[in-house]
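Breakdown of the fold
Residues per chain are reported as follows:
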Protein chains: 2
Amino acid sequence: MNCKSPMAVTFSFAGFAQRGGRTDHHADGWGIGFFENRGVRLFVDPAPACDSPVAELIARYPIKSTNVISHIRKATCGAVMTENCHPFVRELWGRYWVFAHNGDLRDCAPRLHRQFHPVGATDSERAFCWLMQELSKAHADMPAVDELTRTLSELVPQIARFGVFNMLLSNGEALWAHGSTKLCYTVRQHPFSVAQLADEDLSVDFALLNTPQERVAVVATTPLTTNETWTAIASGQLLVFIDGALALAHAAAPSQ
Amino acid sequence: MNCKSPMAVTFSFAGFAQRGGRTDHHADGWGIGFFENRGVRLFVDPAPACDSPVAELIARYPIKSTNVISHIRKATCGAVMTENCHPFVRELWGRYWVFAHNGDLRDCAPRLHRQFHPVGATDSERAFCWLMQELSKAHADMPAVDELTRTLSELVPQIARFGVFNMLLSNGEALWAHGSTKLCYTVRQHPFSVAQLADEDLSVDFALLNTPQERVAVVATTPLTTNETWTAIASGQLLVFIDGALALAHAAAPSQ
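Residues numbered from 1 in each chain as written. Chains lettered and ligands numbered in written order. Predicted model: local features only at pLDDT ≥ 70, side-chain atom pairs only at ≥ 80, totals over all residues.

In this section: the overall build of chain A. Counting secondary structure elements, chain A contains five helices and 15 strands. In terms of overall dimensions, chain A is globule-like: its C-alpha atoms have a radius of gyration of 17 Å, near the 18 Å expected for 256 residues. Here chain A holds 256 residues, and the buried ones make up 51% of them. Across chain A, every contact between residues at least 6 apart in sequence was considered, and the portion connecting residues at least 24 apart equals 70%. (Helix = DSSP H or I, 4+ residues; strand = E, 2+ residues; numbered from the N terminus. Rg over C-alpha atoms; globule rule 2.2 N^0.38 Å. Buried ≥ 20, exposed ≤ 12 C-beta atoms within 10 Å, placed from the backbone. Contact = placed C-beta atoms within 7 Å.)

Residue and element names in this part refer to chain A. Most of strand 6 (residues 95-102) is tucked away: seven of the eight residues are buried. Judged from the five bridges that link them, strand 5 (residues 88-92) and strand 6 form a sheet pairing that is antiparallel. Opposite F88, over in strand 6, you have F99 as the bridge partner. Remark: two residues form the turn of the hairpin made by strand 5 and strand 6, two consecutive strands paired antiparallel; W93 in that turn has positive phi of roughly 60°. In this structure, strand 6 lies alongside strand 7 (residues 166-170), joined through five bridges in antiparallel fashion. Each bridged residue has a counterpart across the sheet, and for H101 the counterpart in strand 7 is M167. (Pairing = 2+ DSSP bridges.)

Glancing now at the relation of the copies chain B and chain A. Once chain B has been moved 0.0 Å along the axis and rotated by 180°, it coincides with chain A to within an RMSD of 0.0 Å. Taken together, these values place the two copies in the relation of a two-fold axis. With an isologous cut-off of 70% or more, the 100% of interface residues of chain B that recur at the interface of chain A puts this contact in the isologous class. (Least-squares fit on C-alpha atoms with pLDDT ≥ 70 in both.)

This part is about the sheet that holds strand 4 (residues 65-72) of chain A. Residues and elements named next belong to chain A. Spatially, seven strands are ordered 3-2-4-1-12-9-13 in an open sheet, and the strand pairing comes out antiparallel. Edge positions in the sheet fall to strand 3 (39-45) and strand 13 (231-232), since each has one partner strand and no second. Where strand 9 (residues 184-189) meets strand 13, two bridges bridge the pair, whose relative direction is antiparallel. Looking at the pairing, Y185 lines up with T231 of strand 13. Against the sheet, helix 2 (residues 53-60) makes contact with strand 2 (30-36) and strand 3, and its axis sits at roughly 140° relative to strand 3, the strand it touches most. (Axes fitted to C-alpha atoms, helices over the stretch in contact; angles between N-to-C directions.)

So, about unusual backbone geometry. A cis amide bond, omega -5°, links H190 of chain A with the succeeding residue P191 of chain A. Secondary-structure assignment places P191 of chain A in the loop between strand 9 and strand 10 (194-196). Residue D107 of chain B is not a glycine yet carries a positive backbone phi of 55°. Tracing the chain through its elements places D107 of chain B in the loop between strand 6 (95-105) and helix 3 (123-138). With 7 C-beta atoms packed within 10 Å, D107 of chain B lands in the exposed category.

This paragraph deals with the confidence of the model for chain A. Residues and elements named next belong to chain A. Looking at chain A, pLDDT values average 90 and 96% of them are 70 or higher. Here residues 252-256 scores under 50 on pLDDT; set against residues more than four positions off or in separate chains, the count is twelve contacts. What the predictor reports for the complex is a pTM of 0.93 with an ipTM of 0.91. (pLDDT = per-residue confidence, 0-100.)

If you look at the interface, chain B gives 25 residues, while chain A gives 25 residues. Contributing elements (two or more residues each) for the side of chain B that touches chain A: strand 3 (39-45), helix 2 (53-60), strand 5 (88-92) and strand 6 of chain B. Its residues assigned to classes, the side of chain B that touches chain A comprises eleven nonpolar, seven polar and seven charged. (Nonpolar A, V, L, I, M, F, W, Y, C, P; charged D, E, K, R; others polar.)

Let us look at helix 1 (residues 10-18) of chain B. With seven of nine residues buried, helix 1 of chain B is to be regarded as a mostly interior element. Listed in full, the buried residues belonging to helix 1 of chain B are F11, S12, F13, G15, F16, A17 and Q18 of chain B.

Residue and element names in this part refer to chain A. Examined against the element boundaries, V219 turns out to sit in strand 12 (residues 215-220). Since 23 C-beta atoms lie within 10 Å of it, V219 is described here as buried. Sequence separation of V219 and P48 is 171 residues, and the distance between their C-alpha atoms is 21 Å. Ignoring any residue separated from it by four or fewer positions in sequence, one finds V219 in contact with L168, A177, L183 and Y185.

We now examine the environment of Q213 of chain A. Residues and elements named next belong to chain A. Take Q213: it is sitting in the loop between helix 5 (206-209) and strand 12. Here Q213 falls in the exposed class, since 9 other C-beta atoms lie within 10 Å of it. Taking C-alpha positions, Q213 is 29 Å from G179, a pair spaced 34 residues apart along the chain.

Moving on, we get to the packing of helix 3 of chain B against helix 4 (residues 145-160) of chain B. All names here are of chain B. The geometry of helix 3 relative to helix 4 is characterised by a closest axis approach of 10 Å and an angle of 145° between their N-to-C directions. The element helix 3 and its partner helix 4 pack so that their crossing is right-handed. For the pair helix 3 and helix 4, contact is made by A127, W130, L131, E134, L135 and A138 and by T151, L155 and I159, respectively. Counted by class, the contact of helix 3 with helix 4 contains seven nonpolar, one polar and one charged residues. (Left-handed = near helix turned anticlockwise from the far one by under 90°.)

All names here are of chain A. Structurally, N102 is set in strand 6. Each C-alpha atom of the pair N102 and S124 lies 8.3 Å from the other, and the pair is 22 residues apart in sequence. Dropping the residues within four chain positions of it, N102 is found in contact with N166 and T221.

In structure tokens form, the structure reads like this:
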């Protein structure tokens, strides 16, 4: 989720968490990272999201954030343990970076010769460390979002050619989304309407909750609601969201 | 808290959290980091610990851990914001490091010329980044605990001379504690007895909860219980706890 002004994610999360073992088979832990200004609140839990006390807290406790990344895991690589739960966080240029990945990268063993090393055993964290390493080599200090998008659009295909790389990345300023097999997004803005969750019998009237100035982009592997327009992100496409809207579309360079 | 086998911290935390605005004046946010194997669960909250929904969850939900670091903040440097809440986490050598600091460092601006940079505005996070930087320069890969203790006993005084530096640091394997003005510890081991919290009308019989094999060291600025033996850590002393016991005592080099 990427928003213009800090918003709570409680509604979308209520449906999303059901996919962690109830309406979907992703039951091998979960996690959620909220940016609050430059800070991050990260909650990870190796228990299935659908019966995690931490998930229950998140669904009840409105943490207002401009950028949120959440993930429910189906273990393909790495045991069901805290250190293998997404999202992963690293610091670069005095800012936190939050990353989550859906997919499977086979034989992806990029050389990690600088300061970022995986703590757990997932292909995802390894790919994230490589992205951070290459970003740190490409820029001496935090560049503008456009510049970062250009660099990422060169780096991401080098990972994506190893398999399925649906991924979300945020530095608290922007949200990058790379589509590989399935990823879609919707933008909620004025005039707001009623949204009906796909995974739970729950609907909400955003017109009652939001002011006309608010705007939010929600990205997910499959649509979270049944009555909003969700746009598929094409395979190989890297999108960037700022202030709750799509900012730039980069068709990534073809795989080599 | 440093334990021989994973233990829940719910009892000690119940008393500790009261100091975040109720029995003490540390009401500017709080945080707690739990190691689970190599993974870390970090909870930070800019709300006072005594009425934080997250603190309430921690007090109810037993997360079993071998190393736990918690902190309640009285802001002396840096606004009351998520990014300024302790503990802070960084990755080095493929392991997470968790750090918390009680005290005040004046004019402490060590040069950060490598990969660790503060995200928030506290003197504490800056000192932590410097410690991580110097550790990464001193060793190519994760050394043994003894070796780390030797390096830390050279580094810590270089920070401590700028002010008050009561600090806790863990890599999930050991817990380092440096005393400056106030820090004390107790070791709970067989035969276990009844402990009475200092900050809440609550007692627990550890003999009923623990097996004779268990052992836990608890370090705090002031004793958490009224009927256990708490040993003060002398000013300038760096202690290291492994498997719930005191491992080595290093008298740090005198301040220059």
